Structures are given as structure tokens and as C-alpha cells.
Amino acid sequence: MKTIKDKIAKLSFVALLLAVTSAMFYTPTASAHGEKSQAAFMRMRTIHWFDLNWSKDEVAVNETVIISGKFHVFAGWPETVDKPDVAFLNIGIPGPVFIRAGSWIGGQLVPRSVSLELGSTYDFKVLLKARRPGDWHVHTMMNVEGGGPIIGPGKWVTITGSMGDFTNPLTTLTGDVIDLEDYALDNVYFWHALWMGIGLAWLLFWFKRPMFIPRHIAITSGKADTLISSGDKKVAIAFAVGTMGLVMMSMGTTNEKYPITTPLQAGLMRGMVPVELPETSISVVVEDASYRVPGRAMQMTLTITNNGDSAVRLGEFMTASVRFLDPDVLEDETGYPDDLLAEEGLTVSDNSPLAPGETRTVEVTASDAAWEVYRLADLIYDPDSRFAGLLFFFDEEGNRQMIMVDAPLIPTFI
Ligand SMILES: [Cu+2]
């Protein structure tokens, strides 16, 4: 009996050890950083990021990566998000693991906030310079004043090397070459240390003598004047005059050393140039759209009319950064993030070429784990059960047409 008990005790100890060690070594990799928890309808109905391209997914410190692509500002912008009249093209990374060497919308450098128009499509480019080694999930994102962060797709990018090698050189208009990584840092340290020292010296001067009880007694017994001698007053004047003198002198020498300075440059940039998208010759009517709860897919009934002069097929449906592709029509060659790419996620009941002039009603199913992983299925909790997305049609020559779809999305229950 005893031996069995011992065995059980031993085994449960081993099991406990195993559990603890496996828990210690289990490091789940977070593949999304914030966007999953945002309302699904909001992600589907604000900004559609597409044609994204990451120039590299592994770089050394000081090397650059270019993220480029387009974004469409959805015309049916939700009421609860302020219109993107003041928006900022950001990048979603955990601190400056990269620095943003440049960012452009429509070829215009955008270091400040910009005004975006609902219904317009813009192209953008962000130039990142690697700073801190590690594996980083890099998102494109748009901050909308009064709206919050609108997070685009994220892709893992690896930085190798040593952060100590990072430099951020810049040539000023006065011709100096500086390294922004540590420029003026000694000066900041020096002045903060100096003023802190002066403050401490003033305190020390008084701390040398008894501080509280004897002074309290002196004051309450009417002998407050005896606490501050004429010597003390001289020291106080020396501190006061010295402080003013030091401020004036150092201000003068700073102006001498940096005779040309400008105020901080700020202000909204208007007139962003949108992309002129070619006229589309396909019209799509969403007859109905639904999704099963629980489930990993959404279905749409689309009536597609081809008014162009070449036959087309549906290659992709994209919503909230998740791309559902029909592998017979389209294969991704941009290295789009795996967790957002459903390479075979799009099923069309009849995806044979739609001849010019023809109209066809088809059942389209967009299905992938991403629907659940990225919590688009959580639309069931949203106060506005409508979706929006982009459909991409291709003709025989591979010419692409982008069609916006937007309709209610009705849940079905088992
Ligand atoms: Cu992320």
C-alpha cells in the first residue's frame, strides 16, 4: 500500500515539474497587436489597406525597409469615428525598433497630419530604418483625430545586428552633420545635472542645521527673526543673482552657438492627391450576405454584370486586411502576412469567365481561420452589423478592377 502511495506521490511530483517547465518554455507569439480587439464592423468600414508590399522581411541595423501600398477611405465611414479630416500616417511597432526615415502619401512627404477624403484611394510609402535587433510585427496604421488608431495588416520583420551600431545622421541647413541618435544629449544631461545640483546645494545649505523642532519652537516663541542671519541673507541673494546671471549668460552663449533656429514646424497638410483609379466596367450588387455563428466563413450572393469588353473572373475578396483568394485566378506574390492570407479562401459557385455584357448571380464564400482568429466573427457583438470590402476582378490579360462592396451582414444560427 505504501509503495503505491509513494509511486503516486512521485509521479504527481514529476507531472507537476513537467507542467511547470512546459509553462515556463511556452511563449505564445502574439501575431496581432491591438487590431483584433477593435470592433469588427469598424475595421471593415474605415480604411481598406491593399496592394501592400514589404521590400524585405529581414534587415540589419541601419538598413532600410520600404512598406508601400494603397489605402481606400471607405465612404460609409462609421458615425462614431470622426471623419479623417485630421489623420496621421503612422507605423505600428513596439517603440522605435525602426525609425521612420520618411513617409509619403501620393508622393508628398507627410511628417504632419493630413486631411483625407472619404471615398478616395491614396497610395503611400513608408521608409523604415532598422534600429533594434529582434522580430517585430510591423503594421501600417492611420491615426484619426477623434477616432483612434486604424490598424493595417502587420508583417513580421527581423532585425539583426547590434543596436549600438545604429546611427541617424542628418545634415542641417547650416551645414552641420549631426547624429540624431545622441545629438545634444550631453548638453541635456549637463544642464539638468547643473540645475539639480544648484537646487540640492540650496537645500544642503539649510539642512546643515537642525530643521524642524528647534525652528518650530523658535517661531512659536516669537523668535523667528533669529533663524535667518545676515549671512544667510547674503547666501540667498547670491543664489538668486547667480541663478539669474547663469540663465542670462547661458542663454546668450546658446544663441551665439546656435544663431539660426526655427520654431517647431507644425500644421495640417491638406490637398493630398488621391490615386486616379480607372473607370470600372463591372457592377456588383450584393443581394444578401450572411455569416454562420459560430463559424469561420461569410457568404454573399452577388449579381455581377460585366459591362466591359473582356471576360472577367473574381480573384479576391478583401475585408479588414484579410485577403480571400480564389487560387485558380490569383496567387499572392507579395509575401502577404500568412495569418491574413487565405490562399484558397474564396469559393465562387460559378467562377468561369464572365463574358462582356453578361450578368450572373453567384454564391461567394469567404472562408478561413482568419475570420475567427482576427475576430471578424465578433461582428455579432457590434451595434452595426454591416460589412464592407473590396472585390478584385481579373480579365484574361491579368488587368485588375477593384469594386467596393458594402451591405448588411446578417448572422445565421444553427
Ligand atoms: Cu502586430
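Residues numbered from 1 in each chain as written. Predicted model: local features only at pLDDT ≥ 70, side-chain atom pairs only at ≥ 80, totals over all residues. Heavy atoms only, no water.

Concerning the coordination of the copper ion
When a metal carries six donors in an octahedron, the ideal angles between them are 90 or 180 degrees, while four donors in a tetrahedron ideally lie at 109.5 degrees. Within the protein, the copper ion binds to His33 (ND1), His137 (ND1) and His139 (NE2); these donor distances fall in the range 1.8 to 2.0 Å. Of the residues examined, His33 reaches a relative accessible area of 38% and is grouped as partly exposed. Judged by its relative accessible area of 4%, His137 falls in the buried class. (Donors = N, O, S within 2.8 Å, 3.2 Å for Na, K, Ca; no water. Buried < 20%, exposed > 50% of the residue type's maximum accessible area, 1.4 Å probe, protein only.)

Topic: the pairing of strand β5 (residues 98-105)
Bridge count between β5 and strand β7 (residues 121-130): seven bridges; the pairing is antiparallel. Its bridge partner lying in β7, Gly102 is registered against Leu127. With two bridges connecting them, β5 and strand β6 (residues 108-109) associate as antiparallel partners. Residue pairing in the sheet places Trp104 in a bridge with Leu109 of β6. The turn joining β5 and β6, which pair antiparallel and follow one another in sequence, is formed by two residues; a positive phi near 55° is taken by Gly106. (Pairing = 2+ DSSP bridges. Helix = DSSP H or I, 4+ residues; strand = E, 2+ residues; numbered from the N terminus.)

A short note on the UniProt feature "transmembrane region" (unreviewed entry) in the chain
UniProt feature "transmembrane region" (unreviewed entry): in the numbering of this structure it lies at residues 189-207 and 235-253. Across residues 189-207, helical content stands at 100% and strand content at 0%; the span's end C-alpha atoms are separated by 26 Å. Structurally, residues 235-253 comprises 100% helix and 0% strand, and the distance from its first C-alpha atom to its last is 26 Å. (UniProt positions renumbered as here; feature names shortened; annotations may be inferred.)

Quick look at the sheet that holds strand β12 (residues 282-293)
Strand order in the open sheet formed by five strands is β17-β18-β13-β12-β21, with mixed pairing between adjacent strands. Two strands lie at the open edges of the sheet, namely β17 (346-348) and β21 (410-413), each paired on one side alone. For this sheet, the mean inter-axis angle between neighbouring strands, taken without regard to orientation, is 25°. Bridge count for β17 against strand β18 (residues 359-367) is three bridges, and the pairing is antiparallel. For Val348, the partnering residue across the bridge sits in β18 and is Val364. (Axes fitted to C-alpha atoms, helices over the stretch in contact; angles between N-to-C directions.)

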